Amino acid sequence: MKEGFLAFGFFIILGLLSGCNQQTIEEIDTAQFKQFMEDEESGFVALTYYTDQEAENMARVTKVLKDNKKFTKHFSYVKQNTENDRHFLYNNGIEQNTETLAYYKKGVLWEEFNFPREWDSEEMMKLHKFVKKIKMQES
């Protein structure tokens, strides 16, 4: 049942993304994440851990970023940590916490938004404010 629901959510996200003329989410692997930091890039990175919440979290992030004409990179901890290394993030120089949307400024973690366990209108507003604040700081 859960796999069916996750697959359904995944296809909804894909449908949303395919309808856009600009991709909102770019899936990245560990090497690409490290390269992003080494190249001192700026931008958003969503780091997910709980696969049962991944589709909903990314759908919420997609909506807010699309509304603000921003995009994000998505790094799935579970998909990348194939050896179950408890120190995987640390060993790869990643300071970002799991289940967060973070903003990196010139390759350095600048600020994070923690994904809630359950989304409601208040949490959506907090995410929207987080993205707006970063957008204003970029200007």
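Quick caveat: nothing in here was measured; it's all calculated off a predicted structure.

**What about a nonpolar patch on the surface?**
On the surface, a nonpolar cluster with roughly 240 Å² of combined accessible area is contributed by Y49, Y50 and V78. Structurally, Y50 is set in the loop between β2 (43-48) and α3 (51-67). The partly exposed category is assigned to Y50, whose relative accessible area is 34%.

**Let's talk about α3**
Taking 1.5 Å of rise per residue, the 17 residues of α3 would be expected to cover 24 Å, and the 25 Å separating its terminal C-alpha atoms lies within 8% of that figure. Buried within α3 are the following residues: Q53, E54, A55, N57, M58, V61, T62, V64 and L65. Of the residues trailing α3, K69 is marked for its positive phi of about 55°.

**A closer look at a negative patch on the surface**
A cluster of acidic residues, E38, D39, E40 and E41, forms a negative patch on the protein surface. For D39, the location among the structural elements is in the loop between α2 (30-38) and β2. The class for D39 is partly exposed, based on a relative accessible area of 45%.

**Brief notes about the packing of aromatic side chains**
Taken as a whole and judged by the stated rule, the model has 13 aromatic pairs. Pairing Y49 with Y50 gives two aromatic rings, centres 5.0 Å apart and planes at 90°, and the pair type is edge-to-face. The class of Y49 is partly exposed, set by a relative accessible area of 33%. Here the aromatic cluster, defined as three or more aromatic residues joined through ring pairs, consists of F33, F36, Y49, Y50, F75, Y77, F88 and Y104.

Analysis parameters
Residues numbered from 1 in each chain as written. Predicted model: local features only at pLDDT ≥ 70, side-chain atom pairs only at ≥ 80, totals over all residues. Heavy atoms only, no water. Patch = residues over 30% accessible without salt bridge, like charges linked within 9 Å, V, L, I, M, F, W, Y side chains within 5 Å. Areas by Shrake-Rupley, 256 points an atom, 1.4 Å probe, with all protein chains shown as cover. Salt bridge = Lys/Arg side-chain N within 4 Å of Asp/Glu carboxyl O. Helix = DSSP H or I, 4+ residues; strand = E, 2+ residues; numbered from the N terminus. Buried < 20%, exposed > 50% of the residue type's maximum accessible area, 1.4 Å probe, protein only. Expected span 1.5 Å × (residues − 1). Lys, Arg positive; Asp, Glu negative; His and termini not counted. Charge placed at Lys NZ, Arg CZ, Asp CG, Glu CD. Phe/Tyr/Trp six-rings, centres within 6.5 Å; stacked < 30°, edge-to-face > 60°.

That is the geometry; function is a separate question.
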